[in-house]
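Take a look at the letters that make up each chain.
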Amino acid sequence: MAVRKMSFEGEIYYGAKGSTAATKLTNVRDVNLGIEHEEGDTSERGSGANPPIKYSRVTGRMVSIDWQMQEKSDDTSLSSLKTAAAAGTPVAIKLVDFSSGTTRFDGDMIVSYKKSEPHGKEMSYNFTAKPNNDDRDATIA
């Protein structure tokens with residue numbers, strides 16, 4: 001019977017730009033991988049008997065990863081990511097389905113964040129990362 005994987009089994013890593021990320025982030029909630037396409041119109045006019053069907057071809061792939069981390073004073077990974085975001089310095093990010101699963105993304109990314117301080121709840125950081133190819137090309141699957 002097929003085994004259904006749960007969200008806590010997914011893994012996200014970070015590290016120094018230019019290398020494969022090796023430090024596992026554990027203070028993480030709600031990781032999201034977004035893959036979108038930029039498309040060029042390849043439609044043709046056709047015979048004129050009917051309106052043409054719109055066709056397109058992928059001209060670019062866009063990747064984004066976002067995740068949330070709780071404010072923890074002893075989390076050195078969180079501190080490093082906040083520093084990288086403030087400086088605009090790329091970091092290596094790797095996203096894996098589960099421990100022995102497919103690597104969905106491996107590359108360098110520029111990170112940004114929004115800090116959340118809702119009344120009556122914990123402080124958290126909502127990170128968003130987008131690819132950077134200064135030191136290497138990313139892989140997506």
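For the structure, check the block above.
Every value quoted in this text rests on a predicted model; they were computed, and no experiment measured them.

**Q** Give a detailed account of unusual backbone geometry, specifying residues and quantitative values.
**A** Among all residues save glycine, negative phi is the norm, and among peptide bonds the norm is trans. Non-glycine residue D30 carries a positive phi angle of around 50°. As for its placement among the helices and strands, D30 is situated in strand β3 (residues 29-41).

**Q** Can you explain the pattern of salt bridges? Please cite residues and give values.
**A** On inspection of all chains with the given rule, the structure shows 10 salt bridges. In this structure, the salt-bridge partner of D106 is R136, at a minimum N-O distance of 3.2 Å. With D106 in strand β6 (residues 103-116) and R136 in the loop between β7 (124-132) and β8 (139-140), the pair connects residues that are 30 residues apart, well separated along the chain. Given a relative accessible area of 13%, D106 falls into the buried group. Linking R136 and D108 is a salt bridge whose minimum nitrogen-to-oxygen distance equals 3.0 Å.

**Q** Summarise the side chain of S77; cite the residues concerned and give the values.
**A** Along the chain, the position of S77 falls in helix α1 (residues 76-87). The class of S77 is buried, set by a relative accessible area of 9%. Once you skip the residues sitting within four places of it in the chain, S77 turns out to touch Y14, T23 and L25.

**Q** Any details on the packing of aromatic side chains? Residues and values, ideally.
**A** Applying the stated criterion to the full structure yields four aromatic pairs. On the basis of an interplanar angle of 75° and a centroid distance of 5.1 Å, the ring pair of Y113 and Y125 is categorised as edge-to-face. Of this pair, Y113 sits in strand β6 while Y125 sits in strand β7; the two residues are 12 residues apart in sequence, bridging distant segments of the chain. Within the aromatic cluster, the residues linked to one another by ring pairs are W67, Y113, Y125 and F127. The side chain of K5 reaches across the aromatic face of F98, ending 4.3 Å from its centre. Between K94 and the ring centre of Y13, over which it is positioned, the NZ or CZ distance is 4.9 Å.

**Q** Describe α1, and please don't skip the residues or the numbers.
**A** Here α1 contains 12 residues, and its C-alpha end-to-end distance of 17 Å stays within 8% of the 16 Å for a straight helix at 1.5 Å per residue. For α1, the set of buried residues is S77, L78, L81, A84 and A85. Down the axis of α1, the buried side of the element spans an arc of 125°, and every buried residue falls inside it. Of the residues in α1, the exposed ones pointing more than 90 degrees away from the buried face are T76, T83, A86 and A87. Considering only its buried residues, α1 is in contact with β1 (11-16), β2 (23-24), β4 (56-70), β5 (91-96), β6 and β7. Two to three positions downstream of the cap, the backbone nitrogen of S77 sits 3.0 Å from a side-chain oxygen, assigning the N-cap of α1 to D75.

Parameters at a glance
- Residues numbered from 1 in each chain as written.
- Predicted model: local features only at pLDDT ≥ 70, side-chain atom pairs only at ≥ 80, totals over all residues.
- Heavy atoms only, no water.
- Helix = DSSP H or I, 4+ residues; strand = E, 2+ residues; numbered from the N terminus.
- Salt bridge = Lys/Arg side-chain N within 4 Å of Asp/Glu carboxyl O.
- Buried < 20%, exposed > 50% of the residue type's maximum accessible area, 1.4 Å probe, protein only.
- Contact = heavy atoms within 4.5 Å.
- Phe/Tyr/Trp six-rings, centres within 6.5 Å; stacked < 30°, edge-to-face > 60°.
- Lys NZ or Arg CZ within 6 Å of the ring centre and 35° of its normal.
- Expected span 1.5 Å × (residues − 1).
- Arc of directions from axis to C-beta.
- Polar contact = N/O pair within 3.5 Å; in protein donor to acceptor, adjacent residues only side chain to side chain.

Structural measurements only, silent on function.
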